[in-house]
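Below, each chain spelled out in residue letters.
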Amino acid sequence: MKEIYKVVDVSYKYPNGSTALEDVNLNIYKNEIVAILGPNGAGKTTLLKIMNGLVFPSSGEIYFEGKKLTDEILRNKELMKEFRRKVGFVFQNPDVMLFNPTVWEEVAFSPLHLYSKEKAIEKTDETLKNMKIYHLKDRHPYNLSGGEKKKVSISCILSVEPDVILMDEPTSALDPKSRLEVMDLIRSFKDSGKTVVIVTHDLNLACLADRCYVLNKKVIFDGKVKDLFSLNLDELNLDVPDVSKLFLKLKERGYDVDIPTTIDEAVDYLSKIMPQKNKK
Amino acid sequence: MDNKLFDKTIEHVIKYLNESIFFEKYTKSEGLLQSLESRVKIISLVIFIVGSVLSKHILTLLIFNAIALLLAYLSNIPMYQYLKRVYVFIPIFAGLIAIPVMFNIMTPGKDLIVLLNNPHISITYEGVKYAITFTLRVATCVSFAVLIPITTQWNKVTSAMHKLGIPEVVITITNLAYRYIFLLLNFILDMMYSRKSRAIKKLGMVESWKEAGKAIGALFIKTYQMGEETYYAMLSRGYTGEIKHIYMEKITSKDILFLAFSIIITAILVLFDRGVV
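The next subject is the domain arrangement of chain A. Residues and elements named next belong to chain A. By domain assignment, chain A separates into domain 1 (3-99 + 162-232) and domain 2 (241-275). Using only C-alpha atoms to locate each centre, domain 1 and domain 2 end up separated by 30 Å. Across the boundary between the two partners, domain 1 contributes 6 residues, which contact 8 residues of domain 2. Carbon and sulfur atoms supply 74% of the area that domain 1 and domain 2 bury against each other, a total of about 550 Å² over both sides. Counting the surface domain 1 buries against domain 2, the share from its top three residues, C207, K226 and F229, is 78%. In this assembly, domain 1 and domain 2 are joined by 1 salt bridge. Notably, a salt bridge pairs E265 with K226, separated by 3.3 Å at the nearest N-O pair. Viewed at the interface, domain 2 and domain 1 are joined by 2 residue pairs in polar contact (both at pLDDT 80 or more). The class makeup of the residues in the side of domain 1 that touches domain 2 is 4 nonpolar, 1 polar and 1 charged.

And the structure:
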């Protein structure tokens, strides 16, 4: 599998001297969904900013498609354009991404910087239609609901068809319907060959991932989401799905059960172990 | 709990939000000014403003005022709201500024009302005339200036400004201010409600101002953090220090006609004002 990101011994200190990341190592491969989990203040957002070339590590190295990401490289206009076209970053707070007077101009912001005028117009209209938000195109971002803002902020990066999408807490502060819509979108990104890195402390969302890392300034876990349950999840302050909590309690009481992460998995598991006569 | 500072702040924030949203809808309605190309509209209205500034006589200013009203009417703007916005608050402030000019100390002339004999302090005819002209001139300029945001979507205003050669940094700052003012007003509103819900006794004036100071500090920190994040969001989407604009409006014969009308009418009125015509 082609390696997209390689993070080697990355440490980051905030200007006040406190440590955000310490010797972080991780690899992201093409067309996989990777979740980066961890409690608040674990350095997840800082790591995403480093991966997006917005800030640079205090020590260590980061490689994108085999090339080292440095401040010098991103000062080169052509290389920077290429990198920005390939990597999209959806910020946690959509309001910081929506700084234009209308939704249309917001979605057109990146294409206008990266493509010709004609192509930018075409890409913007196409993205708005694909995301089913064309009707919002003349609206001021202030007048949008939370779910609409999130969809617009995702559209802002999709308008340049990035190969890699970095998402910071994409379902935070969303109602259940908008949350499901965003989760469906993430699935569709993988189906269309994109690589997705999600930062979250919500295990429901992490269940979409092929692999996950647990970060608390250092990487403390690297593996499948299911294998996470061997860790002390309370200590990590992760948002564990209720269905998983139920099976964890059963396990604590001595039952030999697998831990499902979704309702469907739980239903499948229970259907197998429950006696046939109880089935209606 | 009777905390006037909180209540008044909340009231004004809500009022501002409502007014802004209320007026935004008229930018999309059918009307004369809405149908004009944005650059032509801005230039034409600026010509009227320049004409008003150059006028010295009350009659000329009244004619300019009538033109502004006619344009508002033909643009389907509700007259009551328009008049309230233009002719109530702003001229009151202009009138306050002009008060000292009415006295003989500032503008000597024929006495209208004598206030004191020794020393002689009076309101003069020339002073009152100057104050009225000044207030009317401000009202006229405002009445034309207000027509720009009421009849033009903000993105078109900024794109037109770009086309007219206004420096990019000015446009970017104006754009960001327009975008985030609503968000920050909402933040102030939430902060005020939160304070009100926790206020258990009436605060004295000094205490109120201390609380307001803390709120301003919190808002400053929030704004600073948000500014940094917004800059990162811009960088991450390819921003290199220059905002790209797409200008899709085209100048038609109707626009040229309106521009010619503005130039001719303004020229005639200014010449009339100077006694040439």
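Picking up where we left off.
We now examine the pairing of strand 4 (residues 59-64) of chain A. Residues and elements named next belong to chain A. Where strand 1 (residues 3-13) meets strand 4, 5 bridges bridge the pair, whose relative direction is antiparallel. Paired with Y5 across the bridge in strand 4 is F64. Pairing of strand 4 with strand 5 (residues 67-68), which is carried by 2 bridges, proceeds in the antiparallel orientation. Bridge pairing links F64 to K67 in strand 5. Linking strand 4 to strand 5, which pair antiparallel, is a turn of 2 residues; within it E65 sits at a positive phi near 50 degrees.

All names here are of chain B. At a minimum axis distance of 10 Å, the contact between helix 3 (residues 58-74) and helix 4 (residues 79-98) shows a crossing angle of 140 degrees. Judged on the interaxial angle alone, helix 4 and helix 3 are oblique. As for the relative orientation of helix 3 and helix 4, their crossing is right-handed in sense. For the pair helix 3 and helix 4, the contacting residues are N65, A68, L69, A72 and Y73 in the first and M79, Y82, L83 and Y87 in the second.

Next up on the list: the sheet that holds strand 2 (residues 19-29) of chain A. Residue and element names in this part refer to chain A. Pairing is antiparallel in the open sheet, where 4 strands are placed in the order 2-1-4-5. Taken across any chain shown, the strands that pair with only one partner, and hence form the sheet edges, are strand 2 and strand 5. Sheet analysis places strand 1 next to strand 2, joined by 7 bridges and oriented antiparallel. Residue pairing across strands places K13 opposite T19, the latter belonging to strand 2.

Once that is clear, we can look at the interface of chain B and chain A. Contact residues are listed per partner, giving 32 residues for chain B and 35 residues for chain A. Regarding the contact of chain B and chain A, the summed buried area is about 3,100 Å², with carbon and sulfur atoms giving 62% of it. Sorting the residues of chain B by area buried against chain A places R179, R237 and I246 of chain B first, and these three jointly supply 27% of that buried surface. Here chain B and chain A share 2 salt bridges between them. Inspection of the chain B/chain A interface yields 7 residue pairs in polar contact (both at pLDDT 80 or more). Of all the secondary structure elements, the ones that give two or more residues to the side of chain B that touches chain A are helix 1 (4-24), helix 6 (154-163), helix 7 (168-198) and helix 8 (205-236) of chain B. Of the residues that constitute the side of chain B that touches chain A, the class distribution is 18 nonpolar, 7 polar and 7 charged.

The next point concerns unusual backbone geometry. Of all residues except glycine, most have a negative phi; of all peptide bonds, most are trans. The peptide bond linking N118 of chain B to P119 of chain B adopts the cis configuration, its omega dihedral lying at 0 degrees. Inspection of the secondary structure puts P119 of chain B in the loop between strand 1 (111-116) and strand 2 (121-124). Positive phi, close to 70 degrees, is recorded for K217 of chain A, a residue that is not glycine. Residue placement: K217 of chain A occurs in the loop between strand 9 (211-216) and strand 10 (218-223). A positive phi angle is found at N76 of chain B, which is not glycine, with a value near 60 degrees. Summarising the element assignment, N76 of chain B is placed in the loop between helix 3 and helix 4.

When pLDDT is averaged along chain A, the result is 89; 98% of the residues meet or exceed 70. Element-level pLDDT for chain A is lowest in helix 10 (residues 233-236) of chain A, with a mean of 73, against a maximum mean of 96 in strand 7 (residues 164-168) of chain A.

Rules used in this analysis
Residues numbered from 1 in each chain as written. Chains lettered and ligands numbered in written order. Predicted model: local features only at pLDDT ≥ 70, side-chain atom pairs only at ≥ 80, totals over all residues. Heavy atoms only, no water. Domains from an automatic or database assignment. Contact = heavy atoms within 4.5 Å. Buried area = accessible area lost by both parts, 1.4 Å probe. Salt bridge = Lys/Arg side-chain N within 4 Å of Asp/Glu carboxyl O. Polar contact = N/O pair within 3.5 Å; in protein donor to acceptor, adjacent residues only side chain to side chain. Nonpolar A, V, L, I, M, F, W, Y, C, P; charged D, E, K, R; others polar. Pairing = 2+ DSSP bridges. Helix = DSSP H or I, 4+ residues; strand = E, 2+ residues; numbered from the N terminus. Axes fitted to C-alpha atoms, helices over the stretch in contact; angles between N-to-C directions. Parallel < 35°, antiparallel > 145°, perpendicular 65-115°, else oblique. Left-handed = near helix turned anticlockwise from the far one by under 90°. pLDDT = per-residue confidence, 0-100.

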